[in-house]
Amino acid sequence: MAEAEGHKRLQPRMSRGGFRIQFVLWSIMAGLQMVIMVGNLLRGIVWDLGEYLALSVLILAVTYRAFLLHVRHHDGHFWDEEEAIRADWDRRGRALSP
């Protein structure tokens, strides 16, 4: 019979480094879109397609950042296990070298 495998990863190919890069890039994008939106609101510019596009990108960036935080919450123990395995391999390799 098949055994219960436990929890599965939400994003099987995402490592801790990949998470960090994506989180920083989406944060920068959200920040830039926020600056654009606030600047347009302060100048009182009439909204056209560009402003609505900037608003949609801001919503997308904030949503994806929330998803990344969800992935971090659920996949953090997988990343810790991988780092522990790498540390063990490094420790064993140093023990073998003269």
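Look a little higher up for the structure.
Here we summarise the structure given alongside this text.

Let us now look at the nonpolar core. The nonpolar side chains of a soluble globular protein tend to be buried with one another. Counting six residues, the largest nonpolar core is built from M14, F19, F23, L68, V71 and W79. Counting only elements with at least two residues in this core, the list comes to α1 (16-43) and α2 (49-96). Top element by residues in this core is α2. It accounts for three residues. Core analysis: the second largest hydrophobic core is formed by five residues, A30, M37, L58 and A61 among them.

A complete count under the given rule lists one salt bridge for this structure. With a closest N to O distance of 2.4 Å, D88 and R91 form a salt bridge. One end of the pair, D88, and the other, R91, are both in helix α2, three residues apart, so they sit about a helical turn from each other.

Turning next to the side chain of N40. With respect to the helices and strands, N40 occurs in helix α1. A polar contact is formed between the side chain of N40 and the side chain of R43, at a distance of 2.8 Å. Among the polar contacts listed, one links the side chain of N40 to the side chain of E51, at a separation of 3.3 Å. With residues up to four places along the chain from it excluded, the contact list for N40 reads I45 and E51.

Okay, α2 next. At D75, α2 is deflected by roughly 55 degrees, the largest bend along its length. The complete set of buried residues in α2 reads E51, A54, L58, A61, L68, V71, D75, G76, F78 and W79. The elements touched by buried residues of α2 are α1.

Calculation criteria
- Residues numbered from 1 in each chain as written.
- Predicted model: local features only at pLDDT ≥ 70, side-chain atom pairs only at ≥ 80, totals over all residues.
- Heavy atoms only, no water.
- Core = buried A, V, L, I, M, F, W, Y, C linked by side-chain atoms within 4.5 Å.
- Buried < 20%, exposed > 50% of the residue type's maximum accessible area, 1.4 Å probe, protein only.
- Helix = DSSP H or I, 4+ residues; strand = E, 2+ residues; numbered from the N terminus.
- Salt bridge = Lys/Arg side-chain N within 4 Å of Asp/Glu carboxyl O.
- Polar contact = N/O pair within 3.5 Å; in protein donor to acceptor, adjacent residues only side chain to side chain.
- Contact = heavy atoms within 4.5 Å.
- Bend = angle between axes of the 7 residues up to and from the residue.

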